[in-house]
Amino acid sequence: MPPSQLEITKYVDSLDLSASIGAVVGGTNGIGAGVARKLASLGCRVIVLGRDESSAERLGREIKVLKPRGDVGHIEFIQCDLRTVEGMNCAVRDLRAVIGKTRLDCLFLSQQGMPTGKIELTSDGIDSIFAVQTLSRFFLIRQVISEALVKPSGSIVSISNSGERFDLSLDDLSMIKRQSQGRGKLSLFVDQAKRDPTIIDSMIMEFRDRYPEYGFYNLMPGMVYHPTFQYHAIPIPIRWIHRMLMWMIGISADQFAPCPIYVALGDTTRRSDLPTTMNKRLNATTLGPWSMDPRLRLQLWDALDRHCSRLGQAD
Ligand SMILES: NC(=O)c1ccc[n+]([C@@H]2O[C@H](COP(=O)([O-])OP(=O)(O)OC[C@H]3O[C@@H](n4cnc5c(N)ncnc54)[C@H](OP(=O)(O)O)[C@@H]3O)[C@@H](O)[C@H]2O)c1
(Lines give C-alpha, C1' and ligand atoms only; values in the text may rest on other atoms or scores of the structure.)
Protein backbone atom coordinates (compact mmCIF):
# COMPACT_ATOMS: atom_id res chain seq x y z
CA MET A 1 0.00 0.00 0.00
CA PRO A 2 1.39 3.46 -0.85
CA PRO A 3 2.41 5.66 2.11
CA SER A 4 0.00 8.32 3.37
CA GLN A 5 0.66 12.03 2.80
CA LEU A 6 1.66 12.28 6.45
CA GLU A 7 4.18 9.45 6.11
CA ILE A 8 5.57 11.03 2.95
CA THR A 9 5.98 14.42 4.63
CA LYS A 10 7.61 12.87 7.73
CA TYR A 11 10.00 10.83 5.61
CA VAL A 12 10.99 13.80 3.45
CA ASP A 13 11.45 16.07 6.47
CA SER A 14 13.95 13.55 7.87
CA LEU A 15 16.18 13.74 4.77
CA ASP A 16 19.53 15.50 4.91
CA LEU A 17 20.26 16.54 1.31
CA SER A 18 23.38 18.56 2.02
CA ALA A 19 25.39 16.28 -0.29
CA SER A 20 22.77 16.36 -3.07
CA ILE A 21 22.24 18.43 -6.15
CA GLY A 22 18.94 18.76 -7.96
CA ALA A 23 17.51 20.78 -10.83
CA VAL A 24 13.94 22.02 -11.16
CA VAL A 25 12.79 23.10 -14.61
CA GLY A 26 9.93 25.57 -14.14
CA GLY A 27 11.16 26.11 -10.58
CA THR A 28 10.78 29.90 -10.50
CA ASN A 29 7.05 29.75 -9.75
CA GLY A 30 4.16 27.46 -8.95
CA ILE A 31 4.63 23.81 -8.07
CA GLY A 32 8.28 23.83 -9.16
CA ALA A 33 9.06 26.70 -6.77
CA GLY A 34 7.52 24.67 -3.93
CA VAL A 35 9.77 21.72 -4.82
CA ALA A 36 12.85 23.98 -5.05
CA ARG A 37 12.06 25.59 -1.67
CA LYS A 38 11.63 22.23 0.03
CA LEU A 39 14.77 20.71 -1.51
CA ALA A 40 16.88 23.72 -0.51
CA SER A 41 15.44 23.73 3.02
CA LEU A 42 16.68 20.13 3.35
CA GLY A 43 20.19 21.25 2.44
CA CYS A 44 20.16 20.50 -1.30
CA ARG A 45 21.97 22.60 -3.89
CA VAL A 46 19.13 23.42 -6.29
CA ILE A 47 19.40 24.71 -9.83
CA VAL A 48 16.23 26.42 -10.89
CA LEU A 49 15.43 26.93 -14.57
CA GLY A 50 12.78 29.40 -15.68
CA ARG A 51 12.22 32.76 -17.27
CA ASP A 52 11.61 35.22 -14.49
CA GLU A 53 14.72 36.44 -12.72
CA SER A 54 12.82 38.41 -10.07
CA SER A 55 10.91 35.25 -9.08
CA ALA A 56 14.22 33.40 -8.73
CA GLU A 57 15.55 36.20 -6.52
CA ARG A 58 12.41 36.08 -4.36
CA LEU A 59 12.81 32.31 -4.06
CA GLY A 60 16.43 32.76 -2.96
CA ARG A 61 15.30 35.17 -0.21
CA GLU A 62 12.55 32.78 0.95
CA ILE A 63 15.06 29.97 1.20
CA LYS A 64 17.43 32.03 3.37
CA VAL A 65 14.57 32.68 5.79
CA LEU A 66 13.95 28.92 6.00
CA LYS A 67 17.50 28.44 7.36
CA PRO A 68 18.44 25.45 5.22
CA ARG A 69 19.68 22.28 6.86
CA GLY A 70 23.44 22.44 7.44
CA ASP A 71 23.28 26.03 6.12
CA VAL A 72 24.25 24.77 2.67
CA GLY A 73 20.94 24.54 0.80
CA HIS A 74 20.56 27.28 -1.77
CA ILE A 75 19.39 27.93 -5.30
CA GLU A 76 21.22 28.90 -8.45
CA PHE A 77 19.24 30.31 -11.34
CA ILE A 78 19.43 29.54 -15.06
CA GLN A 79 17.33 31.85 -17.16
CA CYS A 80 15.85 30.12 -20.18
CA ASP A 81 12.92 30.29 -22.53
CA LEU A 82 11.84 26.80 -23.52
CA ARG A 83 9.50 27.83 -26.35
CA THR A 84 12.20 27.20 -28.94
CA VAL A 85 14.68 24.41 -29.51
CA GLU A 86 17.43 27.03 -29.38
CA GLY A 87 16.20 28.02 -25.90
CA MET A 88 16.13 24.34 -24.85
CA ASN A 89 19.68 23.92 -26.14
CA CYS A 90 20.84 26.98 -24.17
CA ALA A 91 19.21 25.60 -21.02
CA VAL A 92 21.18 22.35 -21.32
CA ARG A 93 24.39 24.20 -22.14
CA ASP A 94 23.99 26.44 -19.07
CA LEU A 95 23.07 23.50 -16.85
CA ARG A 96 26.21 21.68 -17.99
CA ALA A 97 28.29 24.78 -17.22
CA VAL A 98 26.74 25.30 -13.76
CA ILE A 99 27.13 21.73 -12.53
CA GLY A 100 30.62 21.25 -13.98
CA LYS A 101 31.96 17.82 -13.08
CA THR A 102 29.22 17.06 -10.55
CA ARG A 103 26.13 15.10 -11.53
CA LEU A 104 22.49 15.69 -10.64
CA ASP A 105 20.82 13.37 -8.14
CA CYS A 106 17.43 14.39 -9.43
CA LEU A 107 15.76 16.40 -12.14
CA PHE A 108 12.20 17.72 -11.83
CA LEU A 109 10.24 19.02 -14.80
CA SER A 110 7.38 21.33 -13.87
CA GLN A 111 7.31 23.83 -16.71
CA GLN A 112 4.40 25.49 -18.50
CA GLY A 113 1.25 25.45 -16.34
CA MET A 114 -2.33 25.10 -17.57
CA PRO A 115 -3.40 24.81 -21.20
CA THR A 116 -5.16 27.88 -22.58
CA GLY A 117 -7.21 26.72 -25.57
CA LYS A 118 -5.17 29.10 -27.73
CA ILE A 119 -2.52 28.14 -30.24
CA GLU A 120 0.27 30.68 -30.28
CA LEU A 121 3.01 29.82 -32.72
CA THR A 122 6.61 30.15 -31.55
CA SER A 123 9.39 31.36 -33.84
CA ASP A 124 9.93 27.62 -34.55
CA GLY A 125 6.38 27.55 -35.96
CA ILE A 126 4.92 25.19 -33.34
CA ASP A 127 2.30 25.65 -30.62
CA SER A 128 3.92 27.34 -27.65
CA ILE A 129 2.16 25.06 -25.12
CA PHE A 130 3.20 21.93 -27.00
CA ALA A 131 6.76 23.31 -27.16
CA VAL A 132 7.13 24.06 -23.43
CA GLN A 133 4.90 21.42 -21.86
CA THR A 134 5.92 18.38 -23.92
CA LEU A 135 8.68 18.93 -26.49
CA SER A 136 10.98 20.63 -23.97
CA ARG A 137 10.52 17.72 -21.53
CA PHE A 138 11.48 15.25 -24.26
CA PHE A 139 14.43 17.39 -25.35
CA LEU A 140 15.77 18.11 -21.86
CA ILE A 141 15.47 14.56 -20.58
CA ARG A 142 17.12 13.13 -23.68
CA GLN A 143 19.96 15.64 -23.53
CA VAL A 144 20.71 15.30 -19.81
CA ILE A 145 20.85 11.55 -20.27
CA SER A 146 22.94 11.56 -23.40
CA GLU A 147 25.37 13.99 -21.74
CA ALA A 148 25.26 11.98 -18.47
CA LEU A 149 24.33 15.08 -16.44
CA VAL A 150 22.26 12.92 -14.08
CA LYS A 151 23.91 10.23 -11.94
CA PRO A 152 23.15 6.66 -12.98
CA SER A 153 20.39 5.58 -10.57
CA GLY A 154 19.29 9.24 -10.36
CA SER A 155 15.64 10.18 -10.75
CA ILE A 156 13.78 12.20 -13.34
CA VAL A 157 10.34 13.29 -12.18
CA SER A 158 7.94 14.95 -14.56
CA ILE A 159 5.09 16.80 -12.84
CA SER A 160 2.05 16.92 -15.10
CA ASN A 161 -1.35 15.40 -15.56
CA SER A 162 -1.35 11.70 -16.41
CA GLY A 163 -3.65 8.96 -17.59
CA GLU A 164 -5.44 10.85 -20.37
CA ARG A 165 -6.52 9.21 -23.61
CA PHE A 166 -6.17 11.22 -26.77
CA ASP A 167 -6.05 10.21 -30.40
CA LEU A 168 -2.73 11.85 -31.31
CA SER A 169 -2.17 12.97 -34.85
CA LEU A 170 1.58 12.73 -35.28
CA ASP A 171 1.71 15.12 -38.21
CA ASP A 172 -0.30 17.73 -36.28
CA LEU A 173 1.01 17.67 -32.71
CA SER A 174 0.63 21.45 -32.52
CA MET A 175 -3.05 20.94 -33.53
CA ILE A 176 -2.90 23.70 -36.13
CA LYS A 177 -4.98 21.63 -38.59
CA ARG A 178 -7.44 20.83 -35.82
CA GLN A 179 -7.87 24.54 -35.16
CA SER A 180 -8.33 25.30 -38.86
CA GLN A 181 -11.17 22.74 -38.89
CA GLY A 182 -13.10 25.22 -36.74
CA ARG A 183 -12.49 23.97 -33.21
CA GLY A 184 -13.19 26.73 -30.69
CA LYS A 185 -11.17 27.74 -27.63
CA LEU A 186 -13.01 25.42 -25.25
CA SER A 187 -12.54 22.33 -27.47
CA LEU A 188 -8.89 23.20 -28.03
CA PHE A 189 -8.40 23.60 -24.27
CA VAL A 190 -9.78 20.09 -23.75
CA ASP A 191 -7.64 18.76 -26.61
CA GLN A 192 -4.46 20.35 -25.19
CA ALA A 193 -5.32 19.06 -21.72
CA LYS A 194 -5.53 15.52 -23.12
CA ARG A 195 -2.75 15.71 -25.72
CA ASP A 196 0.03 16.79 -23.37
CA PRO A 197 -0.37 14.07 -20.67
CA THR A 198 -0.81 11.47 -23.44
CA ILE A 199 2.55 12.47 -24.89
CA ILE A 200 4.28 12.85 -21.52
CA ASP A 201 3.09 9.46 -20.19
CA SER A 202 4.22 7.80 -23.42
CA MET A 203 7.64 9.41 -23.46
CA ILE A 204 8.26 8.64 -19.78
CA MET A 205 7.35 4.96 -20.38
CA GLU A 206 9.68 4.91 -23.37
CA PHE A 207 12.54 6.57 -21.46
CA ARG A 208 12.06 4.01 -18.68
CA ASP A 209 12.39 1.15 -21.15
CA ARG A 210 15.38 2.64 -22.95
CA TYR A 211 17.34 3.75 -19.87
CA PRO A 212 16.50 1.36 -17.02
CA GLU A 213 19.43 2.64 -14.96
CA TYR A 214 17.46 5.82 -14.13
CA GLY A 215 14.19 6.25 -12.27
CA PHE A 216 11.59 7.87 -14.55
CA TYR A 217 8.25 9.03 -13.20
CA ASN A 218 5.31 11.15 -14.27
CA LEU A 219 3.50 12.45 -11.21
CA MET A 220 0.04 14.00 -11.43
CA PRO A 221 -0.31 16.77 -8.85
CA GLY A 222 -4.10 17.09 -8.58
CA MET A 223 -5.25 20.60 -7.62
CA VAL A 224 -2.34 22.70 -6.38
CA TYR A 225 -2.78 26.42 -5.69
CA HIS A 226 -0.08 29.04 -5.69
CA PRO A 227 0.10 32.81 -6.23
CA THR A 228 0.82 32.64 -9.97
CA PHE A 229 -1.94 30.22 -10.96
CA GLN A 230 -3.17 31.46 -14.37
CA TYR A 231 -6.94 31.22 -13.87
CA HIS A 232 -7.55 33.97 -16.40
CA ALA A 233 -6.03 31.85 -19.19
CA ILE A 234 -8.55 29.03 -18.70
CA PRO A 235 -11.70 29.36 -20.82
CA ILE A 236 -15.06 29.82 -19.10
CA PRO A 237 -16.87 27.71 -17.80
CA ILE A 238 -13.84 25.46 -17.03
CA ARG A 239 -12.29 28.41 -15.15
CA TRP A 240 -15.25 28.53 -12.75
CA ILE A 241 -15.23 24.76 -12.19
CA HIS A 242 -11.48 24.88 -11.64
CA ARG A 243 -11.76 27.69 -9.10
CA MET A 244 -14.43 25.81 -7.17
CA LEU A 245 -12.47 22.54 -7.16
CA MET A 246 -9.32 24.37 -6.12
CA TRP A 247 -11.20 25.94 -3.23
CA MET A 248 -12.71 22.57 -2.22
CA ILE A 249 -9.80 20.17 -2.60
CA GLY A 250 -6.72 22.23 -3.51
CA ILE A 251 -3.49 22.03 -1.55
CA SER A 252 -0.63 24.54 -1.61
CA ALA A 253 2.57 24.06 -3.60
CA ASP A 254 4.46 23.70 -0.30
CA GLN A 255 2.07 20.98 0.90
CA PHE A 256 2.50 19.11 -2.38
CA ALA A 257 6.31 19.45 -2.56
CA PRO A 258 7.25 16.44 -0.36
CA CYS A 259 5.46 14.10 -2.79
CA PRO A 260 7.76 14.55 -5.85
CA ILE A 261 10.79 14.67 -3.53
CA TYR A 262 9.74 11.35 -2.01
CA VAL A 263 9.36 9.90 -5.51
CA ALA A 264 12.82 11.11 -6.53
CA LEU A 265 14.80 10.61 -3.34
CA GLY A 266 12.98 8.04 -1.25
CA ASP A 267 15.24 5.09 -0.47
CA THR A 268 15.61 2.56 -3.25
CA THR A 269 13.42 -0.08 -1.61
CA ARG A 270 10.55 2.37 -1.34
CA ARG A 271 11.09 3.67 -4.87
CA SER A 272 11.20 0.23 -6.46
CA ASP A 273 7.52 -0.18 -5.52
CA LEU A 274 6.46 3.04 -7.22
CA PRO A 275 4.57 2.99 -10.51
CA THR A 276 6.03 4.96 -13.43
CA THR A 277 2.97 7.14 -13.90
CA MET A 278 0.98 7.98 -10.78
CA ASN A 279 -1.26 10.40 -8.95
CA LYS A 280 -0.28 12.29 -5.81
CA ARG A 281 -1.42 9.36 -3.65
CA LEU A 282 1.23 7.36 -5.55
CA ASN A 283 -1.39 5.09 -7.11
CA ALA A 284 -0.73 4.11 -10.72
CA THR A 285 -2.68 6.04 -13.33
CA THR A 286 -4.43 4.05 -16.04
CA LEU A 287 -2.64 4.60 -19.30
CA GLY A 288 -4.09 4.88 -22.77
CA PRO A 289 -2.96 3.05 -25.93
CA TRP A 290 -0.19 5.51 -26.85
CA SER A 291 1.60 4.81 -23.58
CA MET A 292 0.85 1.09 -23.47
CA ASP A 293 1.69 0.10 -27.04
CA PRO A 294 5.47 0.03 -27.70
CA ARG A 295 4.92 0.47 -31.47
CA LEU A 296 2.88 3.65 -30.97
CA ARG A 297 5.40 4.93 -28.42
CA LEU A 298 8.17 4.43 -30.95
CA GLN A 299 6.22 6.35 -33.61
CA LEU A 300 5.68 9.18 -31.14
CA TRP A 301 9.34 9.16 -30.12
CA ASP A 302 10.34 9.46 -33.79
CA ALA A 303 7.89 12.32 -34.31
CA LEU A 304 9.29 14.24 -31.30
CA ASP A 305 12.80 13.48 -32.47
CA ARG A 306 11.95 14.82 -35.94
CA HIS A 307 10.64 18.03 -34.36
CA CYS A 308 13.89 18.47 -32.44
CA SER A 309 16.05 17.73 -35.50
CA ARG A 310 14.01 19.89 -37.84
CA LEU A 311 14.05 22.75 -35.38
CA GLY A 312 17.79 22.68 -34.98
CA GLN A 313 18.86 19.75 -32.82
CA ALA A 314 20.99 16.96 -34.25
CA ASP A 315 20.97 13.66 -32.36
N1 LIG B 1 -1.25 23.62 -10.40
C2 LIG B 1 -2.09 22.62 -10.62
O3 LIG B 1 -3.13 22.48 -9.95
C4 LIG B 1 -1.81 21.60 -11.68
C5 LIG B 1 -2.75 20.58 -11.90
C6 LIG B 1 -2.47 19.62 -12.86
C7 LIG B 1 -1.28 19.66 -13.57
N8 LIG B 1 -0.41 20.66 -13.34
C9 LIG B 1 0.85 20.66 -14.12
O10 LIG B 1 1.96 20.86 -13.26
C11 LIG B 1 2.97 21.61 -13.96
C12 LIG B 1 3.32 22.86 -13.16
O13 LIG B 1 2.14 23.64 -13.02
P14 LIG B 1 2.11 25.01 -12.21
O15 LIG B 1 0.72 25.20 -11.75
O16 LIG B 1 3.23 25.04 -11.23
O17 LIG B 1 2.43 26.06 -13.38
P18 LIG B 1 2.98 27.58 -13.27
O19 LIG B 1 2.68 28.18 -11.96
O20 LIG B 1 2.46 28.29 -14.47
O21 LIG B 1 4.58 27.41 -13.35
C22 LIG B 1 5.15 27.11 -14.53
C23 LIG B 1 6.66 27.22 -14.43
O24 LIG B 1 7.13 27.00 -15.76
C25 LIG B 1 7.95 28.07 -16.16
N26 LIG B 1 7.75 28.38 -17.57
C27 LIG B 1 6.59 28.67 -18.20
N28 LIG B 1 6.84 28.94 -19.49
C29 LIG B 1 8.18 28.82 -19.67
C30 LIG B 1 9.05 29.01 -20.77
N31 LIG B 1 8.61 29.38 -21.97
N32 LIG B 1 10.36 28.78 -20.59
C33 LIG B 1 10.85 28.42 -19.37
N34 LIG B 1 10.08 28.25 -18.28
C35 LIG B 1 8.75 28.46 -18.43
C36 LIG B 1 7.50 29.26 -15.32
O37 LIG B 1 8.61 30.14 -15.27
P38 LIG B 1 8.46 31.74 -15.15
O39 LIG B 1 7.39 31.98 -14.13
O40 LIG B 1 9.83 32.14 -14.72
O41 LIG B 1 8.08 32.23 -16.49
C42 LIG B 1 7.16 28.59 -13.99
O43 LIG B 1 8.32 28.46 -13.21
C44 LIG B 1 2.41 21.91 -15.34
O45 LIG B 1 2.83 20.92 -16.22
C46 LIG B 1 0.91 21.81 -15.12
O47 LIG B 1 0.22 21.48 -16.31
C48 LIG B 1 -0.62 21.64 -12.42
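Structure shown above.
Below you will find a few notes about this structure. No experiment lies behind these values; they were computed from the predicted model shown.

### As for the overall build of the protein
- A count of helices and strands for the protein gives 13 helices and nine strands.
- For a compact globule of 315 residues, the expected C-alpha radius of gyration is about 20 Å, and the protein comes in at 18 Å, within 12% of that figure.
- Dimensions of the protein along its principal axes, counting C-alpha atoms only, are 60 × 45 × 40 Å.
- Buried positions account for 49% of the 315 residues belonging to the protein.
- Taking as baseline every contact in the protein between residues at least 6 positions apart, the subset at least 24 positions apart corresponds to 77%.

### Observations concerning the environment of Ser146
- Structurally, Ser146 can be placed in helix 5 (residues 128-146).
- Taking the number of C-beta atoms within 10 Å as the measure of exposure, Ser146 has 11 and is therefore exposed.
- Taking C-alpha positions, Ser146 is 17 Å from Met205, a pair spaced 59 residues apart along the chain.

### Observations regarding the nonpolar core
- Counting residues in each nonpolar core, the largest one holds 83 residues, and the members touching the most others are Ala36, Val48 and Phe108.
- In terms of residue count, the dominant contributor to this core is helix 5 (eleven residues).
- Ignoring any residue separated from it by four or fewer positions in sequence, one finds Ala36 in contact with Val24, Gly27, Val46, Val48, Leu59 and Ile75.

### Some points on the environment of Arg93
- In this structure, Arg93 sits in helix 4 (residues 85-99).
- On the basis of neighbour counts, which here come to 14 C-beta atoms within 10 Å, the residue Arg93 falls in the partly exposed class.
- Spatially, the C-alpha atom of Arg93 lies 14 Å from that of Gly50, the residues being 43 residues apart in sequence.

### Remarks on the site of the ligand
- Close contacts around the ligand come from 32 residues, with Gly26, Gly30, Gly50, Asp52 and Gly113 the closest.
- The dominant element in the shell around the ligand, judged by the number of residues it contributes, is helix 2 (residues 30-41), at three residues.

### So, the packing of helix 1 (residues 5-13) against helix 10 (residues 258-265)
- Packing of helix 1 against helix 10 leaves a shortest axis separation of 9 Å and a crossing angle of 65°. The orientation of helix 1 with respect to helix 10, classified from their angle, is roughly perpendicular. Handedness of the helix 1/helix 10 crossing: left-handed. Between helix 1 and helix 10, the contacting residues are Ile8, Thr9, Tyr11 and Val12 on the first element and Pro258, Cys259, Ile261 and Tyr262 on the second.
- Across the contact of helix 1 with helix 10, the residue classes break down as seven nonpolar, one polar and no charged.

Parameters at a glance
Residues numbered from 1 in each chain as written. Predicted model: local features only at pLDDT ≥ 70, side-chain atom pairs only at ≥ 80, totals over all residues. Helix = DSSP H or I, 4+ residues; strand = E, 2+ residues; numbered from the N terminus. Rg over C-alpha atoms; globule rule 2.2 N^0.38 Å. Buried ≥ 20, exposed ≤ 12 C-beta atoms within 10 Å, placed from the backbone. Contact = placed C-beta atoms within 7 Å. Core = buried A, V, L, I, M, F, W, Y, C linked by C-beta atoms within 7 Å. Near = placed C-beta within 6 Å. Axes fitted to C-alpha atoms, helices over the stretch in contact; angles between N-to-C directions. Parallel < 35°, antiparallel > 145°, perpendicular 65-115°, else oblique. Left-handed = near helix turned anticlockwise from the far one by under 90°. Nonpolar A, V, L, I, M, F, W, Y, C, P; charged D, E, K, R; others polar.

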